[in-house]
Amino acid sequence: MIIRSKAPLRLGLAGGGTDIFHYSNEFGGCVLNASIDMYAYCTIEPIDDNKISFHAVDRNEYFESELTDFIEIDSVLPLHKGIYNRIVKDFNDGQPLSLKVITYSDAPAGSGLGSSSTMVVAILKAFTEFLKVPLEAYDLAHLAYEIERLDLGFNGGKQDQYAATFGGFNFIEFYENDRVIVNPLRIKNWIINELENSIVLYYTGISRESANIIDEQTRNVKMKNTKSIEALHQLKLDAFRMKDALLKGDILKIGKIIEKSWVAKKGTAVSISNEYIDFLYKAAIKAGAYSGKISGAGGGGFMMFIVDPVNRINVIRELNKFKGKVVNMHFTKQGTKGWWVLSKNE
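Residues numbered from 1 in each chain as written. Predicted model: local features only at pLDDT ≥ 70, side-chain atom pairs only at ≥ 80, totals over all residues. Heavy atoms only, no water.

Caption draft 1: The arrangement of the nonpolar core in detail. Formed by 35 residues in total, the largest nonpolar core has its most connected members in Leu11, Ile36, Phe169, Leu246, Ile254 and Phe331. Beyond its immediate stretch of four places on either side in the chain, Leu246 contacts Leu13, Leu32, Phe169, Leu185, Ile187, Ile191, Leu195 and Ile254. (Core = buried A, V, L, I, M, F, W, Y, C linked by side-chain atoms within 4.5 Å. Buried < 20%, exposed > 50% of the residue type's maximum accessible area, 1.4 Å probe, protein only. Contact = heavy atoms within 4.5 Å.)

Caption draft 2: Molecular detail of helix α6 (residues 189–197). Of the positions making up α6, those classed as buried are Ile191, Ile192, Leu195 and Glu196. All buried residues of α6 lie within an arc of 135° about the axis, which places them on one face of the element. Residues of α6 that are buried in the fold lie against β6 (169–174), β8 (199–203), α8 (226–248), α9 (251–266) and α11 (312–319). (Helix = DSSP H or I, 4+ residues; strand = E, 2+ residues; numbered from the N terminus. Arc of directions from axis to C-beta.)

Caption draft 3: Structural context of helix α3 (residues 115–131). Compared with the 24 Å implied by 1.5 Å per residue over 17 residues, the 24 Å span of α3 between its first and last C-alpha is a close match. Of all the 17 residues making up α3, 14 are buried; the element is thus mostly covered by neighbouring parts of the structure. Lys132 sits one or two residues past α3 and shows a positive phi near 55°. (Expected span 1.5 Å × (residues − 1).)

Caption draft 4: The environment of Arg59, seen in detail. Residue placement: Arg59 occurs in the loop between β3 (51–56) and β4 (61–66). Looking at Arg59, the relative accessible area reads 47%, which means it is partly exposed. Separated by 44 residues in the primary sequence, Arg59 and Thr103 have C-alpha atoms spaced 9.2 Å apart. Within the structure, the side chain of Arg59 is placed 3.2 Å from the side chain of Glu61, a separation counted as a polar contact. (Polar contact = N/O pair within 3.5 Å; in protein donor to acceptor, adjacent residues only side chain to side chain.)

Caption draft 5: Local environment of the packing of helix α2 (residues 78–91) against helix α4 (residues 137–151). For the pair α2 and α4, the least separation of the axes is 10 Å and the interaxial angle reads 120°. Between α2 and α4, the angle is such that the two are oblique. Here the hand of the crossing between α2 and α4 comes out right-handed. Residue-level contacts link Leu79, Gly82, Ile83, Arg86 and Phe91 of α2 to Leu143, Glu146, Ile147, Glu148 and Asp151 of α4. Tallied by class, the residues present in the contact of α2 with α4 amount to five nonpolar, one polar and four charged. (Axes fitted to C-alpha atoms, helices over the stretch in contact; angles between N-to-C directions. Parallel < 35°, antiparallel > 145°, perpendicular 65-115°, else oblique. Left-handed = near helix turned anticlockwise from the far one by under 90°. Nonpolar A, V, L, I, M, F, W, Y, C, P; charged D, E, K, R; others polar.)

Caption draft 6: Representation of the pairing of β8. Judged by how many residues are buried, β8 sits mostly within the fold: five of five residues are covered. Here β8 shows two buried faces, one formed by Ile199, Leu201 and Tyr203 and the other by Val200 and Tyr202. Bridging between β8 and strand β10 (residues 302–307) involves five bridges; their strand directions are antiparallel. Across the sheet, residue Tyr203 finds its bridge partner in β10, namely Phe302. Where β8 lies against strand β11 (residues 325–327), three bridges are found, and the strand directions are antiparallel. Note on β11: the bridge partner recorded for Tyr202 is Val326. (Pairing = 2+ DSSP bridges.)

Caption draft 7: Structural view of the packing of aromatic side chains. Within this structure, the stated rule accounts for 13 aromatic pairs. On the basis of an interplanar angle of 50° and a centroid distance of 6.0 Å, the ring pair of Tyr39 and Tyr41 is categorised as tilted. Judged by relative accessible area, Tyr39 falls into the buried class, the value being 12%. For the pair Phe169 and Phe331, a centre-to-centre distance of 4.8 Å together with 50° between the ring planes defines the contact as tilted. (Phe/Tyr/Trp six-rings, centres within 6.5 Å; stacked < 30°, edge-to-face > 60°.)

Caption draft 8: Seen up close, the sheet that holds β10. Strand order in the open sheet made by the four strands is β9-β10-β8-β11, with antiparallel pairing throughout. Edge positions in the sheet fall to β9 (289–294) and β11, since each has one partner strand and no second. Along the sheet, successive strands turn relative to each other by an average axial angle of 30°, direction set aside. Packed on one face of the sheet, helix α10 (residues 275–286) meets β8, β9 and β10 and runs near 160° to β9. Contacts from α11 reach β8, β9, β10 and β11 within the one sheet, and its direction differs from that of β8 by about 10°.

Structural data, given as structure tokens:
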């Protein structure tokens, strides 16, 4: 048998940055995000040759070793190795697993859509299906967070793991002592359709290292940088306002909140934006967009613009003049899924 899984990427609508540990632990954070029909995928194939192999097809990275209960972490597929180590230790009585793990994602690393954390969730989901570990959604998301942030030491927030696990539109609250509350939002179908028609998702063509930006935000909070903390307070307030506007289907208000949030977000770290991002933003606004912002930590990746649907094609035509590309997307209501299939020899 072969095990497969997938987990959806997410689009951050409001509150991004307030899920970083040092802010949420002191002030409490909240974000509003929604999963989209772009995914991270994983396949696990058990084998009996006493080998372990990992292959990230989209990144063209490959790793193989003899059977072992612990793999040293280095720059080659560290997520895969960290997950394997934790799974063997916590869920297989320390016994090594001979298998192939093959992964790929619909979005590149550094996209701002939570691609790294979503990949962790997808791989974990495949392993839990393989070993028949009955992890609930909260437990799976928290384990993904622990592996990425604590075991591997990669800096970042908490929203991506929960968005990928739960799926749908979620208002997520973060408190001290790792307490997380996921509030699923029941958005009417007409509102979802209108919002999809009102969003232009644009890949800038720039892949960025989110950890550097998050490091700067973290330092600003730890050093009590007033400007940065006030900006994060504003982003948190915008998440509550976004929830109200979204439930009512007030697209114009959503656009205004995103405009205000983009200004606040740039106040949390100097590397959030750059000349090229500012140029793209102005070009989209001139073509008829209401507002826009970077998805994720900033510095590159995807930008999201709010438009009047009748002006949508004008904004797309303008953005297509530059080196990036417009990507079609739809919202999805389901989180991570795992399933079994027959192998070629069965």
